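Given next are the chains, with one letter for each unit.
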Amino acid sequence: MSTIQLDLSQIESYLTTSFVGRSKANELWPEIDSTNTRAIQLAKDDAPSGTIVLARKQTSGRGRHGRIWQSPQDAGIYASFVLRPTCAKEDIPLYTLALGVAASRAILSVTGVEVGLKWVNDLVVGQKKLGGILAELITSNSPALILGIGINLELQKKDIPEELVNHIEWLTNITGSAVDPNHLIAELAQNLEEVSNNISNGNKSQILDAWRKHSVTLGKEVQVISAAGNKTGTALDIDESGALIVQTTSGERLTLHAGEISIRNLDGSYS
Ligand code: BTN
């Protein structure tokens, strides 16, 4: 399938935002270690809110829990956004959920594909992982939130580790035709600006409700995996800060913050 090349001027021509993607500090790299690492550097150098870092390929793409994010050339969207939230500190975790909502809206509008959201950071389609989000907070003298996202566009089986082959999905495998990454990134920027404004304006419930609507976690039997040990229970809801509420089989009610916790389905399915 022919791939459409990433192009910053094409992305800008699609943009209708007022700050996301409007920065003169935006960057597009043919190859980089990690767009999140670069965005952290730019944020420390005072890049404005809304700056985007993109790459065609990452050599050290990072996922949550220190995992590697496979990032072959032109096989996915590898994007990091620098944001400078003005909301209360306790609302910062909401940005991970909000970017999930923004990504599912952008993917639907560009490709027609319906994406589910697995707490806290996974984009899923039909029980397979399509993408993920890595949020990193910088609390130095120029505080910023870096929101990194990877979306699989066109993977080759050889690029996927053997043990993950049955758990990974990519967009062209569903659509059967090329997906324009420039259009998708512009839509992502548009939707990110909208949800980011929702948080800044105190309209958190719009994001929480949209996330609940797309959720593939709520109502499921889950295993909660943490350094303190594993527990099983039912995922009941998310609270005001985006934390997951789980009723355990032993009768405890847990409020889980993303941190070092991960969630697995008890029936072994991915979503
Ligand atoms: C996860 O599912 O664990 C999160 C994956 C996040 C991957 C993206 S790709 C762009 C950005 N740069 C990185 O190094 N990671 C994020």
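Residues numbered from 1 in each chain as written. Predicted model: local features only at pLDDT ≥ 70, side-chain atom pairs only at ≥ 80, totals over all residues. Heavy atoms only, no water.

Engineer: Explain the pairing of strand β7 (residues 144–152) to me, using residue names and the numbers behind them.
Structural biologist: For β7, the buried fraction is high: nine of the nine residues fall into the buried class. Burial of β7 is two-sided: the residues Ala144, Ile146, Gly148, Gly150 and Asn152 facing one way and the residues Leu145, Leu147, Ile149 and Ile151 facing the other way are all buried. The turn linking strand β6 (residues 128–138) back onto β7 is made up of five residues. (Buried < 20%, exposed > 50% of the residue type's maximum accessible area, 1.4 Å probe, protein only. Helix = DSSP H or I, 4+ residues; strand = E, 2+ residues; numbered from the N terminus. Pairing = 2+ DSSP bridges.)

Engineer: Describe the site of the ligand, listing the residues and the values that go with them.
Structural biologist: In the vicinity of the ligand there are 21 residues, among which Ser34, Gln58, Arg62, Arg64 and Lys129 approach most closely. Between the ligand and Asn36, the relevant distance is 3.5 Å, taken from a nitrogen atom to a main-chain nitrogen or oxygen of the residue. For the ligand, an oxygen atom lies 2.7 Å from a polar atom in the backbone of Arg64. Isolated, the ligand exposes 420 Å² of accessible area, and the fraction of that covered by the protein chains is 99%. Those elements giving two or more residues to the shell around the ligand turn out to be α2 (35–44), β3 (76–83), β6 and β7. At four residues, β6 tops the list of elements feeding residues into the shell around the ligand. Looking at side-chain class alone, the shell around the ligand contains six nonpolar, eleven polar and four charged residues. (Near = heavy atom within 4 Å. Polar contact = N/O pair within 3.5 Å; in protein donor to acceptor, adjacent residues only side chain to side chain. Areas by Shrake-Rupley, 256 points an atom, 1.4 Å probe, with all protein chains shown as cover. Nonpolar A, V, L, I, M, F, W, Y, C, P; charged D, E, K, R; others polar.)

Engineer: Go over the side chain of Thr217, please, and point to the residues and values.
Structural biologist: Note that Thr217 resides in the loop between α6 (204–214) and β8 (221–226). A polar contact is formed between the side chain of Thr217 and the backbone nitrogen of Trp119, at a distance of 2.9 Å. Each residue touching Thr217, except ones within four places of it in the same chain, is listed here: Leu117, Lys118, Trp119, Val222, Ala235 and Leu244. (Contact = heavy atoms within 4.5 Å.)

Engineer: Summarise the domain arrangement of the chain; cite the residues concerned and give the values.
Structural biologist: On domain assignment, one finds that the chain holds domain 1 (8–214) and domain 2 (221–265). Between the C-alpha centres of domain 1 and domain 2 there is a distance of 24 Å. With 13 residues of domain 1 at the contact, the number on the domain 2 side is 16 residues. Between domain 1 and domain 2, the buried area comes to about 1200 Å², and carbon and sulfur atoms account for 56% of it. It is His65, Trp119 and Arg212 that lose the most area in domain 1 upon contact with domain 2, and together they represent 48% of the buried surface on that side. Where domain 1 packs against domain 2, one counts two salt bridges. The salt bridge partner of Asp237 is Arg212, with a shortest N-O separation of 2.8 Å. With four residues, α6 is the single largest residue contributor to the side of domain 1 that touches domain 2. Looking at the side of domain 1 that touches domain 2 residue by residue, the class counts come to seven nonpolar, one polar and five charged. (Domains from an automatic or database assignment. Buried area = accessible area lost by both parts, 1.4 Å probe. Salt bridge = Lys/Arg side-chain N within 4 Å of Asp/Glu carboxyl O.)

Engineer: Can you lay out the sheet that holds β8 for me, pointing to particular residues and giving the numbers?
Structural biologist: Strand pairing within a sheet occurs via backbone hydrogen bonds; the two strands may be parallel or antiparallel. With antiparallel pairing, the five strands of this open sheet are ordered in space as β11-β10-β9-β8-β12. Looking along the sheet, the strands with just one partner apiece sit at the ends: β11 (253–256) and β12 (262–265). Neighbour-to-neighbour, the strand axes of this sheet turn through a mean angle of 45°, independent of strand direction. Relative to strand β9 (residues 229–238), β8 runs antiparallel, the two being bridged by six bridges. Opposite Val222, over in β9, you have Gly233 as the bridge partner. (Axes fitted to C-alpha atoms, helices over the stretch in contact; angles between N-to-C directions.)

Engineer: An account of unusual backbone geometry is needed here, citing residue identities and associated values.
Structural biologist: Backbone geometry follows two general trends: most residues other than glycine have a negative phi, and most peptide bonds adopt the trans configuration. Of note, the amide linkage connecting Trp119 to Val120 takes the cis form, showing an omega dihedral of 5°. The residue Val120 is located in the loop between β4 (116–118) and β5 (122–125) in this model. Its identity as a non-glycine residue notwithstanding, Asp46 has a phi of 75°, on the positive side. Along the polypeptide, Asp46 turns up in the loop between α2 and β2 (52–55). A positive phi angle, close to 70°, is found at Gln127, a residue other than glycine. Mapped onto the fold, Gln127 is located in the loop between β5 and β6. A residue is classified by how much of its surface remains accessible, and Gln127, at 43% relative accessible area, is partly exposed.

Engineer: Give me the lowdown on the nonpolar core, citing residues and values where you can.
Structural biologist: If you look at the biggest cluster of nonpolar residues, it comprises 59 residues, and the most contacted ones within it are Phe81, Ile107, Leu123, Ile149, Leu171 and Leu192. The leading source of residues in this core is helix α3 (residues 94–111), at ten residues. Mapped onto the domain boundaries, this core takes at least three residues apiece from domain 1 (8–214) and domain 2 (221–265). If we skip the residues at most four places from it in the chain, Ile149 touches Ile77, Tyr78, Ala79, Phe81, Leu99, Ala103, Leu123, Gly132, Ile133 and Leu188. Judged by nonpolar contacts, the second largest core, of ten residues, contains Ala43, Ala47, Val82 and Ile146. (Core = buried A, V, L, I, M, F, W, Y, C linked by side-chain atoms within 4.5 Å.)

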